[in-house]
Amino acid sequence: MNTRSTIIFITSFFISMTIYSQNIDYNKVILPEEATTDKMGEKLVQIAWQNHPSNLAVKKDKEIAARNVSLAKWTWLNQVSARGNLNEFTINPDPQINNFFPRYNFGVTIPLGIILETSNNTKIAKLEHQKTDLAIKNQKLTVRNEVLKAYQNYLMAEKILKLKNEITENEYTNYLTEEEKFENGTSTIEEYRTATKAYNKELEAKIIATNNFENAKLELEMLIGIPLEEVE
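Residues numbered from 1 in each chain as written. Predicted model: local features only at pLDDT ≥ 70, side-chain atom pairs only at ≥ 80, totals over all residues. Heavy atoms only, no water.

Asks: Help me understand the overall build of the protein, please; the structure alone is not making it clear to me.
Replies: Check the secondary structure of the protein and you find 7 helices and 2 strands. Taken across its 232 residues, the protein has 24% of its residues classed as buried. Counting only contacts in the protein whose residues sit at least 6 apart along the sequence, the fraction spanning at least 24 positions is 69%. Looking at the protein as shown, the accessible area adds up to about 17300 Å², and 57% of this sits on carbon and sulfur atoms. (Helix = DSSP H or I, 4+ residues; strand = E, 2+ residues; numbered from the N terminus. Buried < 20%, exposed > 50% of the residue type's maximum accessible area, 1.4 Å probe, protein only. Contact = heavy atoms within 4.5 Å. Areas by Shrake-Rupley, 256 points an atom, 1.4 Å probe, with all protein chains shown as cover.)

Okay, structure coming up:
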């Protein structure tokens, strides 16, 4: 490998390392609830994160994991047992007998492995809690990707429908013109049929475009949980 190739390789390597070492700001992946934005896409992502049941589920998992950490710290109490008894002479004292035995005794039994077990259980609970943090971050990335894709599909379907409406209107105008000319005898039956066929073709394309637009709208609304018209 020559010197120039070596320099290019080293430069590319450090650029790649810089890119991969950058941390993700998850407050930018999905804006906090109190944040406001004028960008429609960001607003839809924010609403979807607040409303969709799958997102609420990962938040609940985090709450459960946090409680399990607290429980793991105190489960050792379930393995501790206490016992005690009273000497019979404490209950029925006899002045004729010198009592050299303890009047009562009390004991606590603690398993030898309880400290290690409790420590391990607590560490496992904390790891499970950390996993829920990762699950939430992953869910945020997924939500952002799905919502922005759905929004782009909606915008594309809207533009296509608008274009098809214009084309259909033009073909309809042309059809009416040819119809009038045919009735007046200034147009042939072939010209009239051609105009009719062209209009029907564009009318069919408009119906398909309308259906695609409505489906794209429904897909987006399914993610955000509210009608698109209610987004402010």
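Asks: Would you explain the pattern of salt bridges in this entry?
Replies: Going through the model one piece at a time under the given rule, you end up with 6 salt bridges. Between Glu42 and Arg144 there is a salt bridge, with the nearest N and O atoms lying 2.7 Å from each other. Pair noted here: Glu42 is in helix H3 (residues 40–51) and Arg144 is in helix H6 (residues 114–183), with a separation of 102 residues, a long-range link. Each of Lys217, Glu221 and Glu229 takes part in a single network of salt bridges with overlapping partners. (Salt bridge = Lys/Arg side-chain N within 4 Å of Asp/Glu carboxyl O.)

Asks: Would you mind showing me how to read the environment of Asn138 here?
Replies: With respect to the helices and strands, Asn138 occurs in helix H6. Residues Asn138 and Tyr26 lie 112 residues apart in sequence; the distance between their C-alpha atoms is 9.9 Å.

Asks: Just to check I follow, could you spell out the nonpolar core for this structure?
Replies: Leu44, Val147, Tyr154, Leu220, Ile224 and Leu228 are the most contacted members of the largest nonpolar core, which totals 25 residues. Mapped by element, the contributors of at least two residues to this core are helix H2 (26–29), H3, H6 and helix H7 (189–224). Take this core: its biggest share by element is 8 residues, from H6. Beyond its immediate chain neighbours, meaning those up to four positions away, Leu220 contacts Leu44, Val147, Ala150, Tyr151, Tyr154 and Leu228. (Core = buried A, V, L, I, M, F, W, Y, C linked by side-chain atoms within 4.5 Å.)

Asks: It is not clear to me how the side chain of Thr168 should be interpreted in this structure. Could you clarify?
Replies: Relative to the assigned elements, Thr168 resides in helix H6. Among residues more than four places away in sequence, those in contact with Thr168 are Tyr199, Glu202, Leu203 and Lys206.

Asks: What's the story with the packing of aromatic side chains in this structure? I'm lost.
Replies: Two aromatic rings are characterised by how far apart their centres lie and by the angle between their planes. In the structure shown here, the tally under the stated rule is 6 aromatic pairs. Measuring from ring centre to ring centre gives 5.5 Å for Tyr175 and Tyr199, while their planes differ by 15°; the resulting arrangement is stacked. Here Tyr175 is found in helix H6, whereas its partner Tyr199 is found in helix H7, with 24 residues between them in sequence. With a relative accessible area of 15%, Tyr199 lands in the buried category. (Phe/Tyr/Trp six-rings, centres within 6.5 Å; stacked < 30°, edge-to-face > 60°.)

Asks: For this particular structure, what's the right way to read the packing of H3 against H7?
Replies: For any two helices packed against each other, one specifies the inter-axial angle together with the distance between the axes. Packing of H3 against H7 leaves a shortest axis separation of 7 Å and a crossing angle of 55°. Between H3 and H7, the crossing angle belongs to the class labelled oblique. Across the interface between the two elements, Leu44, Ile47, Ala48 and Asn51 from H3 touch Leu220, Leu223 and Ile224 from H7. When grouped by side-chain class, the residues that make up the contact of H3 with H7 number 6 nonpolar, 1 polar and no charged. (Axes fitted to C-alpha atoms, helices over the stretch in contact; angles between N-to-C directions. Parallel < 35°, antiparallel > 145°, perpendicular 65-115°, else oblique. Nonpolar A, V, L, I, M, F, W, Y, C, P; charged D, E, K, R; others polar.)

Asks: Would you mind going over the confidence of the model for the protein with me for this structure?
Replies: Reading predicted coordinates in detail is not appropriate for stretches of low pLDDT. For the protein, per-residue confidence averages 79 on the pLDDT scale, and 71% of positions sit at 70 or higher. The secondary structure element of the protein with the lowest average pLDDT is helix H1 (residues 3–21), at 45, and the one with the highest is H7, at 96. Low pLDDT, under 50, characterises residues 3–11; the predicted model gives this stretch 1 contact beyond four residues in sequence or across chains. (pLDDT = per-residue confidence, 0-100.)

Asks: Which parts of the structure should I look at to understand H7?
Replies: It helps to recall that an α-helix has 3.6 residues per turn; residues three or four apart then point in one direction. Helix length check: H7 (36 residues) gives 53 Å between terminal C-alpha atoms against 52 Å at 1.5 Å per residue, within 8%. Phi turns positive one or two residues past the end of H7, at Gly225, with a value near 85°. (Expected span 1.5 Å × (residues − 1).)

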